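# Survey of secondary and tertiary structure
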Amino acid sequence: MQGTLNFNVGVLGHIDSGKTSLTKALSTVASTASFDKNPQSRERGITLDLGFSSFTVDIPEHLRQHGSYDKLQFTLVDCPGHASLIRTIIGGAQIIDLMMLVVDVTKGIQTQTAECLLLGEITCEKMVVVLNKIDLLPEDKRQSAIEKMSKKFQKTLEATRFHDAPIIPVAAKPGGPEAQGKEAEGMVKLIDILKACTYKPQRVETGPFIFAVDHCFSIRGQGTVMTGTVLSGRVVVNDTVEIPSMKMTKKVKAMQMFRQPVEKAIQGDRVGICVTQFDPKLLERGLVSSVGVLPTITAAIISVQKIKYFKGPVATKSKFHITMGHETVMGKVSFFGQKRDGVEDTSGAENNFNLGEEYIYQEELHIGKSVNESKNDNSEVVANKPVRQYALIMLEKPVTCAPHCLVIGSKLDTDIHANVCRLSFHGHLLLPVTDPKYPETLLPNLKVYKIKQKEGLVERIADDYSVIGKSLFKKESNIQLFVGLKVKLSTGEDGVIEGGFGQSGKFKMVCFKVRNKNCLQVVKRKERLLQKKQVRNQMVEKNQ
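This text gives an overview of the structure that appears in the document. (Residues numbered from 1 in each chain as written. Predicted model: local features only at pLDDT ≥ 70, side-chain atom pairs only at ≥ 80, totals over all residues. Heavy atoms only, no water.)

## Points about the environment of Ile497
- Here Ile497 lies in strand S29 (residues 494–500).
- The class of Ile497 is buried, set by a relative accessible area of 4%.
- Here the alpha-carbon distance between Ile497 and Ser466, two residues 31 residues apart in the chain, equals 9.7 Å. (Helix = DSSP H or I, 4+ residues; strand = E, 2+ residues; numbered from the N terminus. Buried < 20%, exposed > 50% of the residue type's maximum accessible area, 1.4 Å probe, protein only.)

Here's what the structure looks like:
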């Protein structure tokens, strides 16, 4: 396969939009898991698992400058469309370079169409919209119907990163599944569009080998084959790899890419790895890596953003389905944030987490703004909202995951027939926690605070820079615990609590940001007016 650039294209869309038919029409090579080979898929007539196939074209001119490639291989990842299989869809979406969103032109945007569009925004940079089944439109109204649906989609995509995505009408299986002898329509133009949309994805051979396995099966006389996508690094025949979830190591006996033997696979490649003396039933999906690279975690701190289409609050202490890679488990979340003096920090520090800093507790996750929205919005930053948000996730079951992997929180127990978004939030792993005793070892070092506010009264002015206050503490309060805390006067001065004053809960405050003496004079004048009023009242009482 030397000289061939592999490019992974995810085929996503609502159930019965014709994804598998489109994949068949495009593909020239099928893998061991493609075109609904699962017996249950054939029986039910729907895709139940990820399918993989490929076709190869000459390298486009704009990619020749990126290396000595003469061929471009498109690996098609056919994802199921049924709502109940969202876990599988999420797993497939994380290994793609470009998404083909397949839409039944006679039905338009449906519930899973919208969910797949959201996944595309989270996982990849580019998308092509395929309006399928145009053969079902009346011939005399076909062109106008296609134009109407294209305009509707362009309007939908305006607020997304895919606002300039090409929209292509096709008929992957003219006449329906049972029709024979009719050629697919629009495939040549679709391939040209796919070629034009390709780019040189990141393909780095250095670093640890991490491999996302999506199928595992045995071949008599050969061994067990694990098929999947290389997420990072490289692997060669005779390397020793680890299945970290089982603490088991195996030697790579042989490898194939779409039925062609190879000696090496690098990041982004779709490959089958053959090992011996391993029961395929032990690993349906998961990760394989270099020895000692991947931890099995019981909790995690992640960067997090709320998905704006999710209805309702995403509250602290709630439980969500947490997807990391191909694994989905239940987890309880706690949200907290970070402020930068009201100005968002775009330095890239969101990829790191510092236990030494202080963070503010959040009752719920706030909707953040996209980069495009932030550029177009001149409004002031809301003072009580953090500019960067994090979540502590306490997992109910241990998970093996890659560093900085994508994390998606969902409410997958929502009624699949309800027209609602089930994807709640997304982010990336920042701090994996492997110690099962983390509540005692980690959490005490996590500095998350709540802002509490209490109001008191100024009893009198002591001098130009200090006041005596009351009604802020109880008589029995230990005021020494509050020394140094900030206090703000209603007239604008800032200060700190210096200590107690007497035994009745009064305190002394020192102003350290006096803007001018007039402020204090105003306070004094009010104090004198109040005293005069009290004197008048006393005189009236005496006269009576």
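From this point on, the discussion continues.
## A few points about helix H5 (residues 142–157)
- Taking 1.5 Å per residue, 16 residues should reach 22 Å; H5 reaches 22 Å between its end C-alpha atoms and fits that length.
- If you check which residues of H5 are buried, you get Ile146, Met149, Ser150, Phe153 and Leu157. One side of H5 carries all its buried residues, which in axial view fall inside an arc of 105°. Opposite its buried face, H5 presents the exposed residues Lys148, Lys151 and Lys155, each directed more than 90 degrees away.
- Next to the buried residues of H5 lie strand S5 (98–104), helix H4 (111–123), strand S6 (126–132) and strand S7 (167–169). (Expected span 1.5 Å × (residues − 1). Arc of directions from axis to C-beta. Contact = heavy atoms within 4.5 Å.)

## Let's talk about unusual backbone geometry
- Its identity is not glycine, yet Lys133 carries a phi of approximately 70°, on the positive side.
- Position of Lys133 relative to the elements: it lies in the loop between S6 and H5.
- With a phi angle near 55°, Lys247 is a residue other than glycine that sits in the positive phi range.

## With respect to the packing of helix H1 (residues 19–26) against helix H6 (residues 187–197)
- Taken N-terminus to C-terminus, the directions of H1 and H6 make an angle of 85°; their axes are 11 Å apart at the nearest point. Considering the angle they form, H1 stands roughly perpendicular to H6. Facing Leu22, Ala25 and Leu26 of H1, the residues of H6 in contact are Met187, Leu190 and Ile191.
- Here the contact of H1 with H6 is built from residues that sort into six nonpolar, no polar and no charged. (Axes fitted to C-alpha atoms, helices over the stretch in contact; angles between N-to-C directions. Parallel < 35°, antiparallel > 145°, perpendicular 65-115°, else oblique. Nonpolar A, V, L, I, M, F, W, Y, C, P; charged D, E, K, R; others polar.)

## Here we look at the sheet that holds S29
- Strand order in the open sheet formed by five strands is S26-S27-S30-S29-S28, and the pairing between neighbours is antiparallel. The two strands at the open ends of the sheet, each matched to only one other strand, are strand S26 (457–463) and strand S28 (486–488). Strand-to-strand twist of the sheet, defined as the mean angle between neighbouring strand axes without regard to direction, takes the value 40°.
- Direction of pairing for S28 relative to S29: antiparallel, over a ladder of three bridges. Pairing of Lys486 across the sheet is with Val496, part of S29. (Pairing = 2+ DSSP bridges.)

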